[in-house]
Amino acid sequence: MTSRILPFQNDPIKPTAPAPVTITVDGVPATGAMGQSLAGVILASGTLRFRRTSVHGAPRGVFCGIGVCYDCLVEVNGQRDVRACQRRARDGDAVVTQHDELPAAPAGDAA
Ligand code: FES
């Protein structure tokens, strides 16, 4: 057993070359492989912050990677709150990182 990644050309199973997938992350092109999750392609592009929290603006990214924590929410093709770790990247997907502001308290409310 080895920890190194086997190049697909040397794989005894002889898989075909992975088809490339190109998405944009905040308008910047990012390339991955067909079948890869959006989170994988986004992380490979060097983006670690997928969203910011509403209250403190703290950065969030992939935490669990299995669809439980909701820290990887992004906007995909105009649809908000998509868990990037649970969706496969499709060619042409436009991903936007999220930040939600809390609604302002009505005038006169003492918080
Ligand atoms: S990383 Fe936890 S839901 Fe996606």
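Scroll up to find the structure.
Throughout what follows, the structure given in this document is the object of discussion. The shown structure was predicted, so the numbers you read here are calculated from the model rather than taken from an experiment.

What follows covers the overall build of the protein chain. Looking only at helices and strands, the protein chain features 1 helix and 7 strands. Starting at the N terminus and ending at the C terminus, the protein chain contains elements arranged as β-β-α-β-β-β-β-β. Reported as C-alpha extents along the three principal axes, the dimensions of the protein chain are approximately 70 × 30 × 20 Å. Counting all 111 residues of the protein chain, 27% fall into the buried class. Intrachain contacts of the protein chain at a sequence separation of at least 6 include 36% that bridge at least 24 residues. Just so you have it, the protein chain exposes about 7500 Å², and 56% of that area is on carbon and sulfur atoms. For the protein chain, the centre of its 11 positive side-chain charges and the centre of its 10 negative side-chain charges are spaced 9 Å apart.

Take the nonpolar core next. In terms of nonpolar packing, the biggest core is built from 17 residues, with Ile23, Leu38, Ile42, Phe50, Ala84 and Val95 touching the most fellow members. Mapped by element, the contributors of at least two residues to this core are β1 (20-25), α1 (38-44) and β5 (73-76). Ranked by residue count, the leading element in this core is α1, at 4 residues. In this structure, Ala84 is in contact with Ser37, Leu38, Ala39, Ile42, Phe50, Cys72 and Val74, ignoring residues within four places of it in sequence.

Now for the side chain of Asp93. Mapped onto the secondary structure, Asp93 falls in the loop between β6 (79-83) and β7 (94-99). A relative accessible area of 2% means that Asp93 is categorised as buried. Polar side-chain contacts of Asp93 include one of 2.9 Å to the side chain of Asn77. Reaching out from Asp93, the side chain makes a polar contact with the backbone nitrogen of Arg90 at a distance of 3.0 Å. In contact with Asp93, other than residues within four places in its own chain, are Thr22, Ile23, Thr24, Leu38, Val76, Asn77, Arg87 and Arg88.

Conventions we followed
Residue positions are given per chain, counting from 1 as you read along its sequence in written order. With pLDDT at 70 or above as the cut-off, local features in this predicted model cover only qualifying residues; side-chain atom pairs require 80 or more to be listed or tallied, and sums for whole chains, interfaces and linings still use all residues. To get the side-chain values, take all heavy atoms of the structure and skip hydrogens and water. Each helix is a run of H or I in the DSSP string that is no shorter than four residues. Each strand is a run of E no shorter than two, and both are numbered from the N terminus. The cut-offs for exposure are 20% and 50% of the maximum accessible area for each residue type, with area from a 1.4 Å probe on protein chains only; residues under the lower value are buried, those over the upper are exposed, and the others partly exposed. By definition, residues are in contact when any of their heavy atoms lie within 4.5 Å. Per-residue and other accessible areas follow the Shrake-Rupley method at a 1.4 Å probe size, with only the shown protein chains counted as cover for residues. Only four residue types enter the charge count: Lys and Arg as positive, Asp and Glu as negative, with His and the chain ends excluded. Every charge is mapped to an atom, namely NZ of Lys, CZ of Arg, CG of Asp or CD of Glu. Among buried residues, the Ala, Val, Leu, Ile, Met, Phe, Trp, Tyr and Cys ones that are joined through side-chain atoms within 4.5 Å form a nonpolar core. Counted as a polar contact is a pair of N or O atoms within 3.5 Å, where, for protein atoms, one must be capable of donating a hydrogen and the other of accepting one, and residues adjacent in sequence contribute only when both atoms are in side chains.

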